[in-house]
Amino acid sequence: MSELPKAYEPQEVERKWYSTWLENQCFHADESSDKEGYSIVIPPPNVTGILHLGHVLNNTIQDILARRARQQGKEVLWLPGTDHAGIATQTKVEKQLRDEEGKTRRDLGRDEFLNRVWDWKEKHGGIIIKQLKRLGCSCDWERERFTMDDDYSAQVAEVFTKLFNEGLIYRGKRIVNWCPVSLTALSDEEVIMKPQKSKLYFMKYELVDAPGEFLEISTTRPETLMGDTAVAVNPKDERFTKYIGRRVRRPFPEAEIEIVADDHVDIEFGTGALKITPAHDKADFEIGERHHLEIIDVLHPDGTVNCPDCPELDGLDRFKARKVAAQMLDDKGLLIRVEEYENNVGFSERADVVIEPRISMQWFLKYPAVKETDDAVADGSIVYRPARWAKTHANWMENIQDWCISRQLWWGHQIPVWYRKEKVTQLQAAESLDVADMQAGDIYVGTEPPTNPEAWVRDEDVMDTWFSSWLWPFATMNGQEQKKFYPTADLVTGPDIIFFWVARMIMAGYHFAGGLPFKNVFFTSIIRDLKGRKMSKSLGNSPDPIDLMDQYGADGLRFGLMRTAPIGTDVRFDESQVAEGRNFANKLYNACRFRQMSGVATVVNEKLSEVNGIRPYHRDIAVKLDALAVSVEKSYADYRFNDVAQQLYDFLWGEFCDKFLEAVKGDLRDTASPEARETTLAVFDSVMSRFLQLLHPFMPHITEELSARMGYLASGGYVMEKMYPSTTLTTSDDGETNAEAIYAAAGKMRNLKAEYNVATRKDVKFLVIKASDWLLAETDVLGLLAGGDIEVLDIYDAPKGTPAAVTDVGEIYMPLDGLIDMQAEKSRLDKEIAKVAQEVKKCEAKLGNSAFVDKAPTELVDREKSRLDEWAQKHSQLQEMRSSLG
């Protein structure tokens, strides 16, 4: 046993133990081990990211799973790494270039720009890894991976090549989601739909064959009418039957366009006639393909107008051009009216700007292993927790569309496609490219460049970042590691990336690695502030986890957050929860320090029967510890981590400290017998050593510190590696315990003292009649817990008004003679009754006011009803007490 300092200093202890674990390779996974394998891969954070509370929650859960698996005797691989985050990282470096040098990436050229990105990565890329270590994450850091590592990049290129050869990857001209800030295509999953207050413009186009006659149409985007190549109506709409096949005049730049019939047109929307701009709307593009319409692109990649034939609009920002175009229509007498209109508009997830549907040549993937992925979740081969996310997964799988995998960036995995130099212009402008073009010798696709690279030109685009991370569970492991640790056991992630990552990883696992990549997926809660808002820097409601760890310790942050994170429910974060985590650590520390001050180390017993002189309180706490271990195991099986944390909290605070330690304090006084002291210390150590093991996954640093300093690791090693005992402390032969009856009776006795304002008095005398046979042997503890002297009588003729309580140990009375001033107590109660009666009257008056009941929010009315019940109950109790005094 090593003496504990007076106060617990979490920062010092956490630094010490994390360094010790690293130095002794406690997190290292041995792929050649005979132990059962357990693995989990970290959802790779952005390489330039910093820790936020969502990371804390996610990685604490992963650490709990990994540390618990080690305690179960498994060989554990928790594989860490970071993602290159194509758009986010490139955007940061480009901003730095603009701000510091006034240059763009094209001023530098691709190679030099990428060198700058690598420099940025080396300078800023390790921050979040250091922060995860500060949190106590037990990752195998020797195996840290990065999605742009050479071996990982080679696998990405190999997967692209294989999918291309299988005919699943192709290049085609499609309408894509275009980010005018990042200047790249986005997948549908990278677009966030937001409700917007827009405007619906009603205008008219003149019929070419009937001057002076007009067709009314409606649109939300007059700024793109220069790209209109038709007007569409529904063939079932009788209002427009006579117009089908005729032509109208587009106002600017002036042109004649056809009126076509298409079932896609919503008869109820606007006027029922829509202008068709195939280059700038997905539905319009599909209508254009069906009717072989011309495609006219009237926007630059940055969202400014590209129409030299219309100088009033050319070069304007799209939203400015919308207003100008509406005014031009009005000036020509063609704008009928403008109405307010609410619709959902797509925003770039990264840049948070309105995306632009844009005709573009991109690389697409037809998803592989769709049925296997669908079946794996549907039949429970892969379990989603909470289960409701399986339905979300299924809905997406039903409506799955080809994945746009190319991005117009430089930072990332460059598309491994080369074009013949003499045909590069022709090939890049081609409507489509696929495996047939490679077979014809016009393009080359491979993991290595062509043998004569001077004859080829490589595609400039890179792959979507998610195209590399969907390989993460197996591409991060070598063959021997996969044999031992693949498939992984658990995946912990957020529900917002079910489509981006989770479903795609399942597809990749089945298609490339022979089966499912993980068995369980636990979706974490979203952390919100007390007002229910998502955490964000702009709102100023997102505390820095490092600041919280500086103030409360990593263990305090972990435990405080886990206690309030129920499965499937958003977390309302309150810093006081973290303070409670720190207070819990202090409570544990002080209990162990109290034990150290009470005697020398004892042997940690595996069975309670090995300890002599056992009393009910010893047996009771041992039974409750065994029950805790069983209950915790069940909660783990259901992935109810907050339940585990709450059970650990309740045991230490309520059962161990508030009951057991208070009950056995007499055994640790100087007047106690050596035998009683030895028994209590032995039980303390036997229970506490096991409790520290149960608590370790949640609070690893303090449990390691206390296990070492309390002498619970006499055989060496670390508590993080110590398997929890397979046998219980108690058996059915240990007999029943009467401790709960004592604790309950003591509670009622303390309540009697509190009711008569003598809670702090130690000279209170309690009389017990009709006592249980065993009570005489326990009156010392009952008196200690109640704060008074206990006398057991055969009979007692209690004077009128004597406070009493019926308990499982007998009828208990608290004589008031000499304890209180009866007249003063009567006066005090009379005043208190009058005060409470006023509160009752106020509540009744408020609830009797129909204006309040009918108009106030329901929760306010319910709160007032609860207040009335509380005051009425207190009034009744006080009257009863007053009546008993005569």
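Small disclaimer: the values here were computed from a predicted structure and weren't measured. (Residues numbered from 1 in each chain as written. Predicted model: local features only at pLDDT ≥ 70, side-chain atom pairs only at ≥ 80, totals over all residues. Heavy atoms only, no water.)

1. Digging into the overall build of the protein chain
Helix and strand counts for the protein chain come out as 29 helices and 30 strands. Here the C-alpha atoms of the protein chain give a radius of gyration of 37 Å, more than 25% beyond the 29 Å that 2.2 N^0.38 yields for 886 residues. Counting only C-alpha atoms and orienting by the principal axes, one finds that the protein chain spans roughly 115 × 75 × 55 Å. Look at the contacts in the protein chain between residues 6 or more apart in sequence, and 80% of them connect residues 24 or more apart. Surface summary for the protein chain: the accessible area is close to 39800 Å², and the carbon and sulfur share equals 48%. Where the 110 positive side-chain charges of the protein chain centre and where its 143 negative ones centre are 4 Å apart. (Helix = DSSP H or I, 4+ residues; strand = E, 2+ residues; numbered from the N terminus. Rg over C-alpha atoms; globule rule 2.2 N^0.38 Å. Contact = heavy atoms within 4.5 Å. Areas by Shrake-Rupley, 256 points an atom, 1.4 Å probe, with all protein chains shown as cover. Lys, Arg positive; Asp, Glu negative; His and termini not counted. Charge placed at Lys NZ, Arg CZ, Asp CG, Glu CD.)

2. A closer look at the packing of aromatic side chains
For the coordinates displayed, the defined rule picks out 43 aromatic pairs. When the ring of Y18 is compared with that of W21, the centres are 6.1 Å apart and the planes differ by 75°; the resulting orientation is edge-to-face. Taken together, the residues span about one helical turn, with Y18 and W21 both in helix 1 (residues 10–23) at a distance of three residues. Among the residues examined, W21 registers a relative accessible area of 0% and is labelled buried. Aromatic pair F269 and Y341: ring centres 5.8 Å apart, planes at 70°, arrangement edge-to-face. In this pair, F269 is assigned in the loop between strand 11 (255–261) and strand 12 (273–276) and Y341 in strand 13 (residues 335–348), connecting sequence segments 72 residues apart. (Phe/Tyr/Trp six-rings, centres within 6.5 Å; stacked < 30°, edge-to-face > 60°. Buried < 20%, exposed > 50% of the residue type's maximum accessible area, 1.4 Å probe, protein only.)

3. Section: the environment of D780
Tracing the backbone through its elements, the reader meets D780 in helix 26 (residues 779–786). Given the relative accessible area of 45%, D780 is considered partly exposed. For the pair formed by D780 and M822, sequence separation is 42 residues and the distance between their alpha carbons is 29 Å. Within polar-contact distance, the side chain of D780 engages the side chain of R615 at 3.2 Å. (Polar contact = N/O pair within 3.5 Å; in protein donor to acceptor, adjacent residues only side chain to side chain.)

4. Let's talk about the pairing of strand 28 (residues 789–792)
Across four bridges, the pairing between strand 27 (residues 765–769) and strand 28 is parallel. Residue F766 lies in a different strand from strand 28, and its bridge partner there is I790. In terms of handedness, the path from strand 27 via helix 26 over to strand 28 forms a crossover that is right-handed. (Pairing = 2+ DSSP bridges. Right-handed = clockwise from strand over helix to strand, strands pointing away.)

5. A short note on the pattern of salt bridges
Across all of its chains, the model carries 58 salt bridges by this definition. As a salt-bridge pair, K95 and D99 come within 2.8 Å of each other at their nearest N and O atoms. Of the two residues, K95 and D99 both sit in helix 3 (residues 86–101), four residues apart, roughly one turn of that helix. Owing to a relative accessible area of 47%, K95 belongs among the partly exposed residues under this scheme. Measuring nitrogen to oxygen at the nearest pair gives 2.2 Å for the salt bridge that ties K624 to E740. One end of the pair, K624, is in helix 21 (residues 616–637); the other, E740, is in helix 25 (residues 739–755), and 116 residues separate them in sequence. By relative accessible area, which is 18% here, K624 ends up buried. Among the residues examined, E740 registers a relative accessible area of 34% and is labelled partly exposed. Residues joined by salt bridges that share partners form a network here, namely E31, D140, R143, R145 and E481. (Salt bridge = Lys/Arg side-chain N within 4 Å of Asp/Glu carboxyl O.)

6. Some points on the sheet that holds strand 27
One open sheet holds the four strands; their spatial order is 28-27-30-29, and the pairing between them is mixed. Only two strands of the sheet have a single neighbouring strand rather than two, namely strand 28 and strand 29 (804–807). Between one strand and the next, the sheet's axes are offset by a mean angle of 25°, whatever the strand orientation. In this structure, strand 27 lies alongside strand 30 (residues 810–813), joined through three bridges in antiparallel fashion. The partner of I769 across the bridge, within strand 30, is E811. In the packing of helix 25 onto the sheet, contacts are made with strand 27, strand 28, strand 29 and strand 30, and the angle to strand 29 comes to roughly 170°. (Axes fitted to C-alpha atoms, helices over the stretch in contact; angles between N-to-C directions.)

7. Comments concerning helix 17 (residues 498–512)
Taking 1.5 Å of rise per residue, the 15 residues of helix 17 would be expected to cover 21 Å, and the 20 Å separating its terminal C-alpha atoms lies within 8% of that figure. Roughly 25° is the biggest bend found in helix 17, and it falls at R504. The buried count for helix 17 comes to 11 of 15 residues, which makes it a mostly enclosed element. Turning to helix 17, its buried residues are I498, F500, W501, V502, A503, R504, M505, I506, M507, A508 and G509. (Expected span 1.5 Å × (residues − 1). Bend = angle between axes of the 7 residues up to and from the residue.)

8. As for the pairing of strand 29
Burial of strand 29 is one-sided: the residues A805 and T807 facing one way are buried, the residues A804 and V806 facing the other way are not. For strand 29 and strand 30, the ladder comprises four bridges, and the chain directions are antiparallel. If you follow A805 over to strand 30, its bridge partner there is I812. Hairpin connection of strand 29 to strand 30: two residues between the antiparallel strands.

9. Regarding the nonpolar core
Core analysis: the biggest nonpolar cluster contains 132 residues, and F641, F656, F660, M688, F691 and F698 have the highest contact counts within it. At 12 residues, helix 22 (residues 641–663) tops the list of elements feeding residues into this core. One finds V377, Y419, V445 and F518 within the second-largest nonpolar core, a separate group that totals 60 residues. (Core = buried A, V, L, I, M, F, W, Y, C linked by side-chain atoms within 4.5 Å.)

10. Some remarks on the state of the cysteines
The final tally for this structure, using the stated rule, is zero disulfides. For C657, which is in no disulfide, the shortest distance to another cysteine sulfur is to C592 and amounts to 8.7 Å. (Disulfide = S-S within 2.5 Å.)

11. A look at empty space enclosed by the protein
For the structure shown, the criterion picks out two cavities of 30 Å³ or more. Here the largest cavity is characterised by a volume of approximately 60 Å³. Looking at the largest cavity, it is lined by 13 residues, and the ones nearest its centre are I61, F522, S525, A565 and P566. Breaking the lining of the largest cavity down by element, the ones donating at least two residues are helix 2 (53–71) and helix 22. The residue makeup of the lining of the largest cavity, split by class, is nine nonpolar, three polar and one charged. Of the pockets and cavities examined, the second largest cavity occupies roughly 40 Å³. Around the second largest cavity, the lining residues are Y8, P10, E14, Y552, G553, D555, G556, R582, A585 and N586. Residue assignment for the lining of the second largest cavity shows that the elements contributing at least two residues are helix 1, helix 19 (554–562) and helix 20 (575–597). Examining the composition of the lining of the second largest cavity, we find that three residues originate from one element, helix 20, more than from any other. (1 Å grid on protein atoms, 1.4 Å probe; cavity = no way out; pocket = protein on both sides within 12 Å on 5 of 7 lines; lining within 4 Å. Points joined across faces, edges and corners; volume = space filled by probe spheres on them. Nonpolar A, V, L, I, M, F, W, Y, C, P; charged D, E, K, R; others polar.)

12. Some details on the side chain of H84
Note on placement: H84 falls in the loop between strand 3 (81–82) and helix 3. A distance of 2.7 Å separates the side chain of H84 from the side chain of T147, its partner in a polar contact. Excluding its chain neighbours within four sequence positions, the residues that come into contact with H84 are V47, T89, F146, T147, M148, W411, G412, H413, T465 and S468.

13. Description of the side chain of N605
Topologically, N605 is positioned in the loop between helix 20 and helix 21. Not counting residues within four places of it along the chain, the set of residues in contact with N605 comprises E610, V611, A682, S686 and L729.

14. Details of a negative patch on the surface
Taken together, the side chains of D281, E286, E289 and E431 define an acidic patch exposed on the protein surface. Here E289 shows up in helix 8 (residues 282–291). (Patch = residues over 30% accessible without salt bridge, like charges linked within 9 Å, V, L, I, M, F, W, Y side chains within 5 Å.)

15. Description of the environment of V462
Among the secondary structure elements, V462 is positioned in strand 22 (residues 462–463). Beyond its immediate chain neighbours, meaning those up to four positions away, V462 contacts R110, I405, S406, R407, L409, W410, W411, G412, H413, Q414 and I415.

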